[in-house]
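One letter stands for each residue in the lines below.
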Amino acid sequence: PTPAQQAPTRTVSGRVLDANGQPLAGATVTIVNRATGQVITGGYTDASGNYTLTANVPEGSIVRVSYVNYGTQEFPVGAGGTINATLAEQGVTTD
């Protein structure tokens, strides 16, 4: 077998907000290889809800954004760039 070609370096950045448009500081943002489930890199949002991740990212990878008591969202990485997320609180019912 031939050695695997190194994945291209991509930078993904963005902002994580709650449903009211307020920044979520400390949200977990990871880049995950969808094929293997392996976390490639990860970090947390700053006080303004901003993050930046740079890594060698294989095709088909996703950005996973999560926060305690909020939902999780996944986005395709594509060529990198800006990925913003809005997370809704879990456990809130509107009957």
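Rules and cut-offs
Numbers given to residues run from 1 along each chain, matching the order in which its sequence is written. Local features in this predicted model are restricted to residues whose pLDDT is 70 or higher, and side-chain atom pairs enter the listing and the counts only when it is 80 or higher, whereas totals over whole chains, interfaces and linings include all residues. Here the side-chain values reflect all heavy atoms present in the structure, with hydrogen atoms and water set aside. Whenever a carboxyl oxygen of Asp or Glu lies within 4 Å of a side-chain nitrogen of Lys or Arg, that contact is scored as a salt bridge. In DSSP terms, a helix is any run of H or I states spanning at least four residues, a strand is any run of E spanning at least two, and both are numbered starting from the N terminus. Between buried and exposed lies partly exposed: a residue is buried under 20% and exposed over 50% of the maximum accessible area for its type, with that area taken using a 1.4 Å probe on protein chains only. Here a strand pair is declared whenever DSSP counts at least two bridges between the two strands. Axes, fitted as lines to C-alpha atoms, cover a helix only where it is in contact. Angles between the N-to-C directions of the axes lie from 0 to 180 degrees.

J.: What exactly am I supposed to notice about the pattern of salt bridges here?
T.: Between side chains of opposite charge, pairing is possible as soon as their charged atoms come close. With the rule as written, the count across this model stands at 2 salt bridges. Close ionic contact of E59 with R10 constitutes a salt bridge, the shortest N to O distance being 2.6 Å. Note that E59 is positioned in the loop between β4 (50-56) and β5 (62-66) and R10 in strand β1 (residues 9-18), a separation of 49 residues in sequence. Across the pair R64 and E74 runs a salt bridge whose closest N-O atoms are separated by 2.7 Å.

J.: Looking at this structure, I do not really get the pairing of β4. What am I missing?
T.: On a regular strand, each side chain points to the face opposite its neighbour's, so the side chains alternate between the two faces of the sheet. Burial of β4 is one-sided: the residues Y51, L53 and A55 facing one way are buried, the residues N50, T52, T54 and N56 facing the other way are not. Pairing analysis gives 7 bridges linking β1 to β4, with the strands arranged antiparallel. Looking across to β4, one finds that T11 is bridged to T54.

J.: Hey, could you run me through the sheet that holds strand β3 (residues 39-44) in this one?
T.: Paired through their backbone hydrogen bonds, the strands of a sheet run either parallel or antiparallel. Taken in spatial order, the 4 strands make up an open sheet running β3-β2-β5-β6, and their pairing is antiparallel. Strands at the two margins of the open sheet, each flanked by one partner only, are β3 and β6 (72-76). Taking each pair of neighbouring strands and ignoring which way they run, the sheet shows an average axis angle of 20°. Bridge count for strand β2 (residues 28-32) against β5 is 5 bridges, and the pairing is antiparallel. Each residue of the ladder has a partner; that of T28, found in β5, is S66.

J.: Looking at this model, I keep getting lost on unusual backbone geometry. Mind explaining?
T.: Note: most peptide bonds trans; most residues except glycine with negative phi. Unlike most non-glycine residues, N69 shows phi in positive territory, near 70°. Positionally, N69 belongs in the loop between β5 and β6. Under the relative-accessibility criterion, N69 is labelled exposed at 55%.

Limitation: the analysis is restricted to geometry and does not speak to function.
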